[in-house]
Amino acid sequence: MRLKSIKYKIVLSFLVASLIPYIASIFLVFKKGEEHIINNIIDQQYSQITFLKKTILRDFNSLHTELSFWSENQILNDILVDDIDKRIQKFLFSIKENKNIKGILFVTNASGMIISSTEKSLIGKNIPLNYLENYFSDIHYFEPLNKDILKLSVPVYSSFQNQKIGYLVLALYPEYFSQYTFSTRNSINSIYNRKNRLFIGSEIPVPKDIKDEGYFEFGNFLTIYKKIDDTYLRDWYILLQLNKESIFLPLKSMEIIFTVVALSGVGIILILSAVVASRLVKPVRLLTETADHISKTKDYSIRVSIESEDEIGILAKAFNNMLSEIQSALEKIKQENRERLRLFTKLIEIINKITSANSEIEVINIVTQELEGFLNIKKVEFTRERRSSGVNIPVNTESLKGFIHFDLKRDITSEEEQFLKSIGRMINLYIERLELLHKAQSASRAKSAFISNMSHELRTPLNSIIGFAQYLQMAETDEENIKAAKSIELAGRHLLDMINDILDFAKIEAGAVKVNKRSFPVKKLIDEISAMVQPLIQEKGLKLILPEITDTVINTDYRLLKQVLLNLLSNAVKFTEEGYIKIDIRKDNGKIYFSVIDTGIGISKENIGKLFKDFTQLENPLQKKYKGTGLGLAISKKYIELLGGEIYAYSEGEGKGTKFEFYIPLK
Amino acid sequence: MKKILIIDDNQQNRLLIKMILQRKGYSVIEAESGEIGLSLAYEHTPDLIILDMMMPEVDGWEVMERLKKDAKTKNIPIIIFSALDDLESIDADGFIPKPVDINKLIQTVSEVIG
């Protein structure tokens, strides 16, 4: 059971509710019961004490009466006769023994002298007459006996002359009262003389302000007392001390029974309340668990099945209703999201179509066709004039002027208007962009056409010059003329090379170089190139070292690659006076590496970086010293880049030869 | 004597080739445009046609196409004579790049028609 749960609270409140009457009963029953019992006991004991008091007084009176009776005995006439006291003595002893008197009996003559006694030491002693005439003396110190005694005395008269002849005296020891005392396990009593603080029986603690009767409690004891108030006994009390435990013993056992019964009651209440609480809490817990489960799984189709008609049942119904509401609300949101996503996807499609449109009017067509049915748009048209109804989005570009007219099913919201305006901005922007693109394309086409044309126009007359110079070399017989024709041819070829370079470079700059890939064996390319450069190499007395021919096939632009290799080789020939020129090929990781190595003049380290710079950067170190445009390497670099590769130059320094290396992808 | 037809809009080119080939013992006829070239080819059925590709109006490609269509001319061998970079893609019997190399011209012609 969770500590803070309702079940716990219910059980706790039941527990408290059942404990309150129990505690109250204990208080009432036991406290009141105690009082009641004490009162009862006191009443009961009072009557006992009173009875005891009466007994004591009656006995005392009868003792006195008996004393008077004994004083009339003939034997006491012997008081007047000397030496007959032995008979009196015998008489006194017989009384004492018969009556079991705790005290002394003695007889005096008329003058007060003790003539006979049960205590022999008293004989001959004189007792004042006034003491003897007083028939009763409460407890007092009696000097001849050196003891506290109670005294009863009666005069003795002679049987003939009725003359007082002496006194019969009974000196009672206080122990006399011990016959009225007793002691049991649970109670003791005592006869108490206040004046002398004398206890006959057990000594019981007594408060100073003791009244005629009453009770007091001391520690675990209850003491009930009553004064014996009589002509004889004036300051005597009867005390009765009771052990409280014994008084309350029946109450104690009752207490135990009561506690057992009450605790069983509490236990039963606890069990019952736990059962009731469980029944009460179970549906609540079911609700909680369902709510937890739903919040974890997000499955709002779950329902709680509690059929009871009570508040819990109502709560469960409300809970189920709430779940239904949430479920349908979620469903609605999902639906709306799907619809929104559909619109969004559609919009992206429209934008895609617009951005892939090739002409300005195509953009307008896409907008008018695709936006129909979008949102609350009924019809979309492109019009020259602004219309009075619907929404008119102006289109105002160089090639197109007019309005995109949106015919709407209902009034437009400000967000929708904003949306249409954004579309409008996009249309304008895109049409403008298309116009710019078309302008650029036509400009580029014009430039390419011009370059191509120029290339043809420039080379045609030059080709004739070279051709006729060749013809003259063939047809002429005069050596001087042949030399002249040869010079014309060489100059023409040089000029042609330079024109070709410039035109190639211009084509690169115009973006007019197209890469046309096709597959071919490397061997074919190497054969063609070596055939082309062989005459030049032989002419200079150099050696051409070719790579080991493999059957490697590459897929690239044949013409561009050939041109690069020719450029590198013609450079090598140009700058090498003796030694060899070597072509190397190796394959690595999907790339093919071409190297052109020579034993020529080499390049200083600082100049290597400037090699591939084009003529716009001047400072080409080769250009100054050697004839040519100096564009060959710049063009080669551009071509290699177009083919997806890179080119590098290496040299150990001036006079130590040069190595050019480039790679391109095999495919 | 083998008869060779040269179709080229450039007069200098025609002259140069004619001079070289006549010197080597060939009979040469000239056409200054594609259209004229076609009619001369039909009329004379030469042993070889040397054809420039870049010509105004009827260009080299059209000339080739129309020659191949006619039963009378479709078997005449053709040597392409052009400054074009990529001659390999053209279905012809021989190629002579511009600027002309005399030795290459003579070699190619003799290879094609003997």
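So, how was this worked out
- Residues numbered from 1 in each chain as written.
- Chains lettered and ligands numbered in written order.
- Predicted model: local features only at pLDDT ≥ 70, side-chain atom pairs only at ≥ 80, totals over all residues.
- Heavy atoms only, no water.
- Helix = DSSP H or I, 4+ residues; strand = E, 2+ residues; numbered from the N terminus.
- Buried < 20%, exposed > 50% of the residue type's maximum accessible area, 1.4 Å probe, protein only.
- Contact = heavy atoms within 4.5 Å.
- Patch = residues over 30% accessible without salt bridge, like charges linked within 9 Å, V, L, I, M, F, W, Y side chains within 5 Å.
- Areas by Shrake-Rupley, 256 points an atom, 1.4 Å probe, with all protein chains shown as cover.
- Salt bridge = Lys/Arg side-chain N within 4 Å of Asp/Glu carboxyl O.
- Phe/Tyr/Trp six-rings, centres within 6.5 Å; stacked < 30°, edge-to-face > 60°.
- Lys NZ or Arg CZ within 6 Å of the ring centre and 35° of its normal.
- Expected span 1.5 Å × (residues − 1).
- Bend = angle between axes of the 7 residues up to and from the residue.
- Axes fitted to C-alpha atoms, helices over the stretch in contact; angles between N-to-C directions.
- Parallel < 35°, antiparallel > 145°, perpendicular 65-115°, else oblique.
- Left-handed = near helix turned anticlockwise from the far one by under 90°.
- Nonpolar A, V, L, I, M, F, W, Y, C, P; charged D, E, K, R; others polar.
- Buried area = accessible area lost by both parts, 1.4 Å probe.
- Polar contact = N/O pair within 3.5 Å; in protein donor to acceptor, adjacent residues only side chain to side chain.
- Lys, Arg positive; Asp, Glu negative; His and termini not counted.
- Charge placed at Lys NZ, Arg CZ, Asp CG, Glu CD.
- Pairing = 2+ DSSP bridges.
- 1 Å grid on protein atoms, 1.4 Å probe; cavity = no way out; pocket = protein on both sides within 12 Å on 5 of 7 lines; lining within 4 Å.
- Points joined across faces, edges and corners; volume = space filled by probe spheres on them.

Colleague: Hey, could you run me through the overall build of chain A in this one?
Modeller: Looking only at helices and strands, chain A features 13 helices and 20 strands. Across the 667 residues in chain A, those meeting the buried criterion constitute 42%. Taking contacts inside chain A between residues at least 6 apart in sequence as the whole, the part at least 24 apart equals 60%.

Colleague: Looking at this model, I keep getting lost on a nonpolar patch on the surface. Mind explaining?
Modeller: On the surface, a cluster of nonpolar side chains totalling about 340 Å² of accessible area is made up of Y8(A), L12(A), V16(A) and I20(A). One can find Y8(A) in helix 1 (residues 6–71).

Colleague: How should the packing of aromatic side chains be read in this particular structure?
Modeller: Remark: the centre distance and the inter-plane angle together describe each pair of aromatic rings, the angle taken between the planes. Residues and elements named next belong to chain A. Here the structure, examined in full by the defined rule, presents 16 aromatic pairs over all chains. Between F60 and Y176, the aromatic rings sit 5.9 Å apart at their centres with planes inclined by 75°, giving edge-to-face as the arrangement. Taken together, the positions of F60 in helix 1 and Y176 in the loop between strand 5 (164–172) and strand 6 (187–193) put the pair 116 residues apart, joining distant regions of the chain. In this pair, the class of F60 matches that of Y176, namely buried. Where F216 meets Y225, the ring centres are 5.8 Å apart and the plane angle is 40°; that geometry is what we call tilted. In this structure F216 comes out as buried when scored by relative accessible area, which is 12%. Connected via pairs of aromatic rings, a cluster forms that spans F60, F136, Y176, F177, Y180 and W236. Here K151 stacks its cationic end above the ring of Y131, 3.8 Å away from the centre of that ring. Sitting over the face of the ring of Y558, K524 holds its NZ or CZ atom 4.8 Å from the ring centroid.

Colleague: In this structure, what is going on with helix 9 (residues 522–539) of chain A? I would like to understand it.
Modeller: Owing to its 3.6 residues per turn, the α-helix aligns residues three or four sequence positions apart on the same side. Residue and element names in this part refer to chain A. A rise of 1.5 Å per residue sets the reference length of helix 9, with its 18 residues, at 26 Å; its end C-alpha atoms lie 26 Å apart and thus fit the reference within 8%. Considering bend angle alone, the principal kink of helix 9 is centred on V533 and spans about 40°; proline P535 follows within four residues of it. What helix 9 keeps buried is the set V522, L525, I526, I529, S530, V533 and I537. Following helix 9 by one or two positions, G541 has its phi on the positive side, about 75°.

Colleague: Teacher, can you tell me more about the packing of helix 7 (residues 414–475) of chain A against helix 8 (residues 479–509) of chain A here?
Modeller: Two quantities define a packed helix pair, namely the angle between the axes and the distance from one axis to the other. Residues and elements named next belong to chain A. One can describe the packing of helix 7 onto helix 8 by two numbers: an axis separation of 8 Å at closest approach and a directional angle of 165°. On the basis of their axis angle, the class for helix 7 and helix 8 is roughly antiparallel. As helix 7 runs across helix 8, the sense of the crossing is left-handed. Looking at the contact of helix 7 with helix 8 residue by residue, the class counts come to 15 nonpolar, 6 polar and 5 charged.

Colleague: Is there a simple way to explain the interface of chain B and chain A in this structure?
Modeller: By a frequent convention, interface size equals the accessible area lost on bringing the separate parts together. Counting residues at the interface gives 18 residues for chain B, matched by 17 residues for chain A. Counting each side, the surface lost to burial between chain B and chain A is near 1800 Å², with a carbon and sulfur contribution of 59%. On inspection of chain B and its partner chain A, the count reaches 0 salt bridges. Across the chain B-chain A interface, the total number found is 2 residue pairs in polar contact (both at pLDDT 80 or more). Residue assignment for the side of chain B that touches chain A shows that the elements contributing at least two residues are helix 1 (11–23) and helix 4 (102–113) of chain B. Each residue belonging to the side of chain B that touches chain A can be placed in one class, and the counts come to 10 nonpolar, 3 polar and 5 charged.

Colleague: When you look at helix 13 (residues 632–642) of chain A in this model, what are you seeing that I'm missing?
Modeller: Burial in helix 13 of chain A covers these residues: G632(A), L633(A), A634(A), I635(A), S636(A), Y639(A) and I640(A). Just downstream of helix 13 of chain A lies G644(A), where phi reads positive at about 90°.

Colleague: What's the story with a negative patch on the surface in this structure? I'm lost.
Modeller: Taken together, E307(A), E309(A), D310(A) and E311(A) make up a surface patch of like negative charges. Take E311(A): it is sitting in helix 5 (residues 311–355).

Colleague: What should I look at first to understand the packing of helix 1 of chain A against helix 4 (residues 244–297) of chain A in this one?
Modeller: All names here are of chain A. Packing of helix 1 against helix 4 leaves a shortest axis separation of 9 Å and a crossing angle of 165°. Here helix 4 runs roughly antiparallel to helix 1, going by the angle between their axes. Helix 4 is crossed by helix 1, and the crossing has right-handed handedness. Class assignment for the residues of the contact of helix 1 with helix 4 results in 26 nonpolar, 6 polar and 3 charged.

Colleague: What's the story with the pattern of salt bridges in this structure? I'm lost.
Modeller: Two side chains with opposite charge may pair up if their charged atoms get near one another. Counting across every chain of the model gives 23 salt bridges over all chains. Residue D59(A) is joined to R58(A) by a salt bridge in which the shortest nitrogen-to-oxygen separation is 3.6 Å. The exposure class assigned to D59(A) is buried, which follows from its relative accessible area of 18%. A salt bridge links R66(B) to E35(B); its shortest N-O distance comes to 3.0 Å. Pair noted here: R66(B) is in helix 3 (residues 60–69) and E35(B) is in helix 2 (residues 34–44), with a separation of 31 residues, a long-range link. By relative accessible area, which is 35% here, R66(B) ends up partly exposed. Residue classification places E35(B) among the partly exposed residues on the basis of a relative accessible area of 41%. The network of salt bridges with shared partners includes K346(A), K353(A) and E370(A).

Colleague: For this particular structure, what's the right way to read the pairing of strand 9 (residues 221–228) of chain A?
Modeller: On any regular strand, side chains alternate: one points to one face of the sheet, the next to the other face. Residues and elements named next belong to chain A. Counting buried residues along strand 9, 7 of its 8 residues qualify, which places the element largely inside the surrounding structure. Where strand 8 (residues 213–218) lies against strand 9, 6 bridges are found, and the strand directions are antiparallel. Bridge pairing in strand 9 places E213 opposite K226. As consecutive antiparallel partners, strand 8 and strand 9 are separated by 2 residues, and within that stretch G219 has a phi angle of approximately 60°, a positive value. Inspection of the sheet shows strand 9 paired to strand 10 (residues 236–243) by 8 bridges, in the antiparallel sense. The partner of Y225 across the bridge, within strand 10, is L239.

Colleague: Help me out: how do you make sense of empty space enclosed by the protein in this one?
Modeller: If a probe the size of a water molecule is rolled over the atoms, the empty space left behind becomes visible. Residues and elements named next belong to chain A. Considering all chains together, one arrives at 1 cavity of 30 Å³ or more under this definition. Size it by volume and the largest cavity reaches roughly 90 Å³. Around the largest cavity, the lining comprises 12 residues; the ones closest to its centre are F575, D598, I603, T658 and F660. Looking at the lining of the largest cavity, the elements with two or more residues in it are helix 10 (558–575) and strand 20 (658–665). Looking at which element gives the most residues to the lining of the largest cavity, the answer is helix 10, with 4 residues. Considering only residue class, the lining of the largest cavity consists of 8 nonpolar, 3 polar and 1 charged.

Colleague: How should the layout of surface pockets be read in this particular structure?
Modeller: Residues and elements named next belong to chain A. Considering only enclosed or pocket space, the second largest pocket measures out at about 210 Å³ in volume. Around the second largest pocket, the lining residues are D59, S62, L63, E66, K99, N100, I101, K102, L172, Y176, Q179 and Y180. Taken together, the residues that form the lining of the second largest pocket break down as 5 nonpolar, 3 polar and 4 charged.

Colleague: Explanation requested: the sheet that holds strand 8 of chain A in the structure shown.
Modeller: Note: strands within a sheet are paired through backbone hydrogen bonds, in either parallel or antiparallel orientation. Residues and elements named next belong to chain A. Here we have 5 strands laid out as an open sheet, ordered 7-6-10-9-8, and antiparallel in their pairing. Lying at the two open borders of the sheet, with one neighbouring strand each, are strand 7 (198–201) and strand 8. Strand-to-strand twist in this sheet, taken as the mean axis angle between neighbours without regard to direction, amounts to 25°. In the packing of helix 1 onto the sheet, contacts are made with strand 6, strand 8, strand 9 and strand 10, and the angle to strand 9 comes to roughly 35°. Its contacts with the sheet put helix 4 on strand 8, strand 9 and strand 10, and the angle it makes with strand 10 is roughly 45°.

So far we have only geometry, and geometry alone does not tell us how the molecule works.
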